[in-house]
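Coordinate inspection notes
Here is how the chains run, residue by residue.
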Amino acid sequence: MSAAPTQPTVTEREARQVAEAAREQDWRKPSFAKELFLGRFRLDLIHPHPMPPDEDAQRGEEFLAKLRDFCETKIDGALIERDARIPDDVINGLKELGALGMKIDTKYGGLGLTQVYYNKALALAGSASPAVGVLLSAHQSIGVPQPLKLFGTPEQKETFLPRCARTDISAFLLTEPDVGSDPARLAMSAVPDGDEYILDGVKLWTTNGVVADLLVVMARVPKSEGHKGGITAFVVETNSPGITVENRNAFMGLRGIENGVTRFHQVRVPAANRIGPEGAGLKIALTTLNTGRLSLPASCVAAGKWCLKIAREWTAAREQWGKPIAHHEAVGSKISFIAATTFALEAVLDLSSQMADEDRNDIRIEGALAKLFASEMAWRMADELVQIRGGRGFETAASLAARGERAVPAEQVLRDLRINRIFEGSTEIMHLLIAREAVDAHLSVAGDLIDPDKSLSDKAKAGANAGVFYAKWLPKLVAGPGQLPGSYSEFKREVDLSPHLRYVERTARKLARSTFYAMSRWQGRMETKQGFLGRIVDIGAELFAMSAACVRAELLRSQGDHGREAYQLADTFCRQSRIRVEELFGRLWNNTDDVDRKVVKGVLSGTYEWLERGIVDPSGEGPWIADATPGPSERENVHRPIR
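All values derive from a computational prediction rather than experimental measurement. (Residues numbered from 1 in each chain as written. Predicted model: local features only at pLDDT ≥ 70, side-chain atom pairs only at ≥ 80, totals over all residues. Heavy atoms only, no water.)

This part covers the nonpolar core. Counting residues in hydrophobic clusters, the biggest one holds 132 residues, and the most contacted among them are Phe63, Leu94, Met102, Leu136, Leu369 and Leu543. If one sorts the elements of this core by residue count, helix α21 (residues 530-558) sits on top with 16 residues. When residues no more than four places from it in sequence are discounted, the contact partners of Leu136 are Leu94, Ala99, Leu100, Met102, Tyr118, Leu122 and Ala125. By size, the runner-up hydrophobic cluster in this structure holds 41 residues, among which are Phe160, Leu186, Ile243 and Ile275. (Core = buried A, V, L, I, M, F, W, Y, C linked by side-chain atoms within 4.5 Å. Buried < 20%, exposed > 50% of the residue type's maximum accessible area, 1.4 Å probe, protein only. Helix = DSSP H or I, 4+ residues; strand = E, 2+ residues; numbered from the N terminus. Contact = heavy atoms within 4.5 Å.)

So, on to the pattern of salt bridges. Per the counting criterion, the structure on display carries 45 salt bridges. Put simply, Glu176 and Lys203 hold a salt bridge, and the shortest N to O gap is 3.0 Å. Here Glu176, found in the loop between β1 (170-173) and β2 (189-193), pairs with Lys203, found in strand β3 (residues 196-207); they are 27 residues apart in sequence, far enough to count as distant. As far as the burial class goes, Glu176 and Lys203 line up, both buried. (Salt bridge = Lys/Arg side-chain N within 4 Å of Asp/Glu carboxyl O.)

Okay, the environment of Phe41 next. Assignment of secondary structure puts Phe41 in the loop between α2 (32-37) and α3 (54-74). If near-sequence neighbours (up to four positions away) are discounted, Phe41 is found in contact with Phe32, Leu36, Tyr488, Leu501, Val504, Glu505 and Ser547.

This next bit is on the packing of α3 against helix α5 (residues 88-97). Between α3 and α5, the least distance of the axes is 11 Å, while the angle of their chain directions is 165°. It follows from the interaxial angle that α3 and α5 lie roughly antiparallel. Classified by chirality, the crossing of α5 by α3 is right-handed. In this structure, α3 uses Phe63, Lys66, Leu67, Phe70 and Lys74 to contact α5, whose residues at the interface are Val90, Gly93, Leu94 and Leu97. Across the contact of α3 with α5, the residue classes break down as six nonpolar, one polar and two charged. (Axes fitted to C-alpha atoms, helices over the stretch in contact; angles between N-to-C directions. Parallel < 35°, antiparallel > 145°, perpendicular 65-115°, else oblique. Left-handed = near helix turned anticlockwise from the far one by under 90°. Nonpolar A, V, L, I, M, F, W, Y, C, P; charged D, E, K, R; others polar.)

Residue placement: Thr238 occurs in the loop between β5 (230-237) and β6 (243-248). Within the local environment of Thr238, its side chain forms a polar contact with the backbone oxygen of Ala212, the two atoms lying 3.0 Å apart. In this structure the side chain of Thr238 is engaged in a polar contact, spanning 3.0 Å, whose partner is the backbone oxygen of Asp213. When sequence neighbours within four positions are dropped, the list of residues in contact with Thr238 reads Ala212, Asp213, Leu214, Leu215, Ile243 and His639. (Polar contact = N/O pair within 3.5 Å; in protein donor to acceptor, adjacent residues only side chain to side chain.)

Tracing the sequence through the fold places Glu278 in the loop between β8 (274-275) and α10 (281-292). Although Glu278 is buried, it forms no salt bridge, and the closest oppositely charged side chain is Arg274 at an N-O distance of 4.2 Å. Side-chain polar atoms of Glu278 contact the side chain of His227, separated by 2.7 Å. At 3.0 Å, the side chain of Glu278 forms a polar contact with the backbone nitrogen of Gly229. Residues within four places of Glu278 in sequence aside, it is in contact with Pro192, Tyr197, Val221, His227, Lys228, Gly229 and Thr232. (Lys, Arg positive; Asp, Glu negative; His and termini not counted.)

Take a look at the structure:
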């Protein structure tokens, strides 16, 4: 019999320890972004821009041509938005096309696309309908195929990957009603029983879960004799007795996604379906997300391209005060921002994806930066498009069509993009995750100095190690190629990008010095300075994007593919980015973080409750967090397999 799981009670320190144990501890390969945060601008790691082998590119282009035809002839994005559901015949058509197996090796029946072309395919499908893009991404980026590719046994791959490539939809189940970014609180249990585990608990926001055939489920195995225990990953058949999809959730955007609440009651799962050893579930999840996160920037790039197209066409057609509105500076600056940022986002995505394919570099920070930067900037681009469209931007596409105008779904794109700032690690969590990786070198040599649990001898040893490290590292932050006028001259063309790369080099050193000053000032309290850490990460993201934009511009120039225009866009983006970077540096030390904390204490204590008077709260009754007590389901099963 399985024991009823209880919600774990964990301290802040225990929660951090769980997260720390799950992260990859070692850096066995070089990382451009890690070096950047350490003040070392390793342009050689990304330039010349890596390229896919010809056969990979040919296979990818052939599939993109088929997918484009399918998107243009079979996917009706307006219908999906109106009905809040992807038609079964569309999903079955995607299966026949092989789109479920884009990332799966050909020996298992998949297409074997590279990360670069997988992302191009997601961008294409997502432009036809964001819900379709999410369906394909959740299935392959974080669903069964990716963790099995990285951690599965040969038997598991033979059993499940052919199904995932052609017929079976998969989903990833980690979040619970009371568990979001703090997995230490995960309550779903997996109790060993002979050659099986018995799963009990409730999972929330299971994207694809309503229609999935296979699930990757994270559950806590209790520690016992012969069992290490800990959060563990399992492949689970959705039609297993005891599984009930209790609700299909609805959202402000992405209305066609099949996202639900799934209850497990005494669900038996063979031990052979466990992915990796007990206790490795979080590490598997985080490693899967290293490249899985790149699917979100793909959708953001697609949105940027569409925003640019609509902005160009609309502002040329719409006239005010005697000329097209594009020629009014207030509107033109928005168009320039959209164009330059779209170029940079595609540069970041393609560079990160190609590095993932080559597997020469560790891209855990690059992938996280790409997700963070793209999700924030895409939202801003869509918001600017709505502003450019004016009242028509706020009006739905259906309403526009009903009164005889072009059905432009600008407001829908804004709604659809909003979740990307939350999906697969919110912006706030990404700041902390990236910051932890960015200061890893410091913690490796000096971490024991600020650890209250370490002995005096440990602290003394750490102090000696830190002295050696900083004696070598700090002097290198004083001067570098960024101060030499002739540096990076290979980027000097009709438009000169070399000043921007010199700026990146200088600023990377300044960023590293700022991080060191902060660690010296706050020491053990550094981890509580989330505002400061977020700005440090945002500066790093801008520097990464500037680097990628310049490298991509030079690649396109060398290929004779709109090189002059690419240089112009890269130059414009870098100029805009540098303004944002300088603002962020100013806010490192001149901000309202301290007074904000005081106001928060006042809000929570009721000091400002008088400020809430004079309104009516339209919220309904009910608990803030739904009851997730384990037990049999009392609701109808809305699971809807597609065949």
